[in-house]
Every structure is written in C-alpha cells, then in structure tokens.
Amino acid sequence: MIWWAAIALFQQTIALDIPSKNPNTSEADVAAGKKLFNGRCAGCHGPAGEGGKGANLAVPRLTRAQEDRALYRVIRYGVPDTEMPASLMDAHEIWQVAAFVRTLGRVQSVAVTGDAANGASLFKGKGGCIGCHTVGLEGGRSGPALSGVGARRGAQHLRAKLLDPSASVPENFRMVHITTRDGKTIRGQQLNEDTFSIQLRDGADRFHSLWREDIAAITSERKTPMPSYKGRLSDSEIDDVVAYMASLRGDQ
Ligand code: HEC
Ligand code: HEC
C-alpha cells in the first residue's frame with residue numbers, strides 16, 4: 001500500500017514538474033523548434049502546419065492544446081488511438097517545438113473555398129457518403145465517424161481522400177476475407193482479433209465473431225472499400241464536400 005502511494009505521489013510530482021508556461025520561447029528556441037518540426041512533424045502536419053494526414057495547427061486555438069502544458073503533453077505522449085505519435089525528444093526540444101507550433105496559429109491558413117451547405121447535401125445525396133459514415137447520430141458504420149474530421153485532418157488530405165482513397169489507408173485498417181470450414185465466406189473490416197477468435201463487420205454492417213478453429217482460410221489486405229470520387233463528382237462538387245468536411249469540428 002505504502003509503496004503504491006509512493007509511486008502515485010512520484011507520478012504526480014512528475015506531472016506537476018511540467019511548467020504551466022513554456023520556458024523556451026526565445027527566437028533561437030523557435031528557430032530550433034522549426035528545424036525539429038520540419039524533420040518530425042511536417043510530414044503529417046505540413047511545413048506551415050496547414051494540416052494533412054495530421055490536424056491543421058495553423059489555427060488560433062488548438063482543440064487539444066489550449067494551455068502550454070497540454071501542448072507539451074500532446075507532443076510528448078501523442079494522442080492515444082490516433083496516428084498522432086508519442087515523441088522521443090527531450091523536454092527542452094519538446095518546448096522548442098511547442099514554441100514553434102504556437103507561431104503557426106498566428107499566420108493565416110489557406111482558406112477553404114467551396115460551399116459547405118451544398119457539400120452537406122452531396123454528402124447525403126449524390127455522394128452517398130452517409131451510407132458508410134455517420135455525422136452526429138445519422139449514417140452507416142462501415143466507415144469511421146466523421147463528426148470531428150475537420151479538426152483532425154487538413155483540407156488537402158480530405159481532398160486527396162476523396163480523389164484517391166487508397167493512397168492513405170490507416171495502418172490498423174484491414175479488410176479480411178474468410179472461408180469457414182463449413183463453406184461460408186465472409187468479407188468485412190477487421191475490428192479485433194486474439195489467439196482464439198476474430199471479429200469483423202461486413203459490408204451490410206453486420207457484426208461477426210468467429211473462432212479460429214472454424215476458419216478454413218483467411219486473407220487480409222489494407223484495401224479501403226471507399227470508392228474514388230474522381231469523375232463521380234465534379235471539381236466544384238469536390239470543393240463543396242471538402243468545405244463541408246472541414247467544417248465538421250466535433251460539435252455536430
Ligand atoms: C504520423 C502523423 C503525425 C506525426 C508524425 C505528428 N502528428 Fe501531430 N497529429 C496527427 C494527427 C492525426 C492528429 C489528430 C489527432 C486527433 O485528435 O484525432 C495530430 C494532432 C496534433 C496536435 C493536436 C491538434 C489540436 O487541434 O489540438 C498537435 C499539437 C500536434 N499533433 C503536434 C505535433 C507535433 C509537434 C509533431 C512532431 C513532433 C507531430 N504532431 C507529429 C498526426 C501526426
Ligand atoms: C462504401 C463505403 C464508403 C463510402 C460510400 C464512403 N466512404 Fe469514406 N471511408 C470508408 C471507409 C471504410 C474508411 C476507412 C478506411 C480508409 O481510411 O480508407 C473511409 C475513410 C474516409 C475518410 C478518412 C477519415 C479519417 O478519419 O481520416 C474520409 C474523410 C471519408 N472517408 C470521407 C468520405 C466522403 C466525404 C464520402 C462521400 C463523398 C465517403 N467517404 C464515402 C468507407 C466509405
């Protein structure tokens with residue numbers, strides 16, 4: 001008991017050890033932070049923080065990191081269950097990157113052209129997105145919920161996802177094709193697996209849990225069922241859908 005209490009106290013001390021204000025914000029720190037950012041972050045967030053695979057950081061207010069200490073934690077530990085990774089930089093370097101990230105919010109980010117309201121009707125109508133994606137409570141579940149996607153992804157990435165969806169499929173996304181010993185075949189998105197069983201959701205949104213010993217053959221691929229909208233929607237319709245998605249910031 002005492003030992004546990006000591007560990008808990010120790011962990012709290014470490015947390016309290018993170019200063020509430022960034023201690024490294026000199027011009028030299030920002031310059032060093034920029035270098036680190038270009039090497040480690042720009043691949044996902046874009047060199048000007050405009051967003052891509054990663055969130056748009058060129059905004060006046062970061063949803064997950066309004067306080068300096070929260071920003072430090074996001075960079076140090078990443079965001080669990082997302083592609084935002086933890087980092088191995090030391091505290092000094094993390095603060096330098098954080099100082100640079102704060103400067104991004106002061107520059108104007110690229111404006112999204114397109115009509116979000118028309119994008120919303122395309123999402124439900126012609127685009128058929130609602131069949132696979134929820135926004136708020138409405139929609140299908142074979143694709144991920146898109147309620148906060150405008151805060152998570154930059155506009156460029158959203159556009160690329162519509163034009164060439166298979167170019168960027170998350171590491172953990174797997175489509176599996178299973179043949180059971182009694183001759184049934186099931187194709188769907190893998191949700192989970194362990195030594196004895198595997199769980200998936202098929203195209204009709206049905207959930208399946210199968211014992212491995214009942215499976216005769218299984219193949220898996222990182223291929224998305226999302227269709228490309230190149231040619232299916234016009235350029236201006238693509239702009240509108242992108243504008244709509246960029247407006248989805250998690251408060252639907
Ligand atoms: C492999 C891609 C990837 C890399 C590399 C990456 N990030 Fe991220 N980052 C993301 C994603 C995706 C999110 C959105 C997570 C979410 O909220 O769903 C994110 C979120 C963030 C946020 C929170 C944004 C907000 O609105 O609150 C900050 C800050 C951030 N990243 C900073 C960094 C910094 C600094 C680095 C480099 C040290 C970095 N990221 C490296 C993908 C990445
Ligand atoms: C047949 C089902 C299906 C349809 C239709 C579909 N999607 Fe998807 N979509 C998916 C699946 C599954 C994923 C997750 C795997 C991946 O990223 O490719 C996905 C991923 C996405 C992502 C990435 C989400 C993220 O968190 O990064 C976006 C954005 C997206 N879809 C938008 C749309 C839009 C907009 C439309 C309509 C114009 C649409 N989708 C139509 C199945 C679909």
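Because the structure is predicted, anything quoted here is derived from the model rather than measured. (Residues numbered from 1 in each chain as written. Chains lettered and ligands numbered in written order. Predicted model: local features only at pLDDT ≥ 70, side-chain atom pairs only at ≥ 80, totals over all residues. Heavy atoms only, no water.)

**Describing helix α9 (residues 235–246)**
Now for step 1: Compared with the 16 Å implied by 1.5 Å per residue over 12 residues, the 16 Å span of α9 between its first and last C-alpha is a close match.
Now for step 2: Counted residue by residue, α9 has nine buried out of 12 residues, so it is predominantly covered.
Now for step 3: The set of residues buried in α9 consists of E237, I238, D240, V241, V242, A243, Y244, M245 and A246.
Now for step 4: Considering only its buried residues, α9 is in contact with α6 (116–124), β1 (134–135), α7 (149–152) and α8 (155–163). (Helix = DSSP H or I, 4+ residues; strand = E, 2+ residues; numbered from the N terminus. Expected span 1.5 Å × (residues − 1). Buried < 20%, exposed > 50% of the residue type's maximum accessible area, 1.4 Å probe, protein only. Contact = heavy atoms within 4.5 Å.)

**Side note on the coordination of the iron atom of ligand 2**
Now for step 1: The coordination sphere of the iron atom of ligand 2 contains the protein donors H133 (NE2) and M226 (SD), at a distance range of 2.0 to 2.3 Å.
Now for step 2: Between the six donor atoms coordinating the iron atom of ligand 2, the angles at the centre fall across 85 to 179°, so the site counts as octahedral. Pair noted here: H133 is in the loop between α6 and β1 and M226 is in the loop between β7 (215–221) and α9, with a separation of 93 residues, a long-range link.
Now for step 3: With relative accessibility at 21%, the residue M226 sits in the partly exposed group. (Donors = N, O, S within 2.8 Å, 3.2 Å for Na, K, Ca; no water. Tetrahedral: all angles 85-135°; square planar, octahedral: opposite > 155°, others 65-115°.)

**So, the site of ligand 1**
Now for step 1: Taken together, 24 residues form the shell around ligand 1, and within it C41, C44, H45, R64 and M84 come nearest.
Now for step 2: Within the contact set of ligand 1, a nitrogen atom lies 2.8 Å away from a side-chain nitrogen or oxygen of H45.
Now for step 3: Within the backbone of R64, an N or O atom sits 2.6 Å from an oxygen atom of ligand 1.
Now for step 4: Every element with two or more residues in the shell around ligand 1 is listed here: α3 (42–45), α4 (68–77) and α5 (91–104).
Now for step 5: Of all the elements, α4 adds the most residues to the shell around ligand 1, at three residues.
Now for step 6: Within the shell around ligand 1, the residues separate by chemical class into 14 nonpolar, four polar and six charged. (Near = heavy atom within 4 Å. Polar contact = N/O pair within 3.5 Å; in protein donor to acceptor, adjacent residues only side chain to side chain. Nonpolar A, V, L, I, M, F, W, Y, C, P; charged D, E, K, R; others polar.)

**Describing the nonpolar core**
Now for step 1: Counting 20 residues, the largest nonpolar core has F37, L62, L71, I75, M89, V97 and V101 as its most contacted members.
Now for step 2: Among the secondary structure elements, those contributing two or more residues to this core are α2 (27–40), α4 and α5.
Now for step 3: For this core, the element with the highest residue contribution is α5, accounting for seven residues.
Now for step 4: Setting aside residues no more than four positions away along its own chain, L71 makes contact with L62, A65, A98, V101 and R102.
Now for step 5: In terms of nonpolar packing, the next biggest core, distinct from the first, is built from 17 residues, L122, L146, L162 and M245 among them. (Core = buried A, V, L, I, M, F, W, Y, C linked by side-chain atoms within 4.5 Å.)

**Considering the coordination of the iron atom of ligand 1**
Now for step 1: Taken together, H45 (NE2) and M84 (SD) make up the full set of protein donors to the iron atom of ligand 1, lying 2.0 to 2.1 Å away.
Now for step 2: Taken together, the six donor atoms surrounding the iron atom of ligand 1 define angles of 87 to 179° at the centre, an arrangement classified as octahedral. With a gap of 39 residues between them, H45 in helix α3 and M84 in the loop between α4 and α5 connect regions that are remote in the sequence.
Now for step 3: On the basis of relative accessibility, which here comes to 26%, the residue M84 falls in the partly exposed class.

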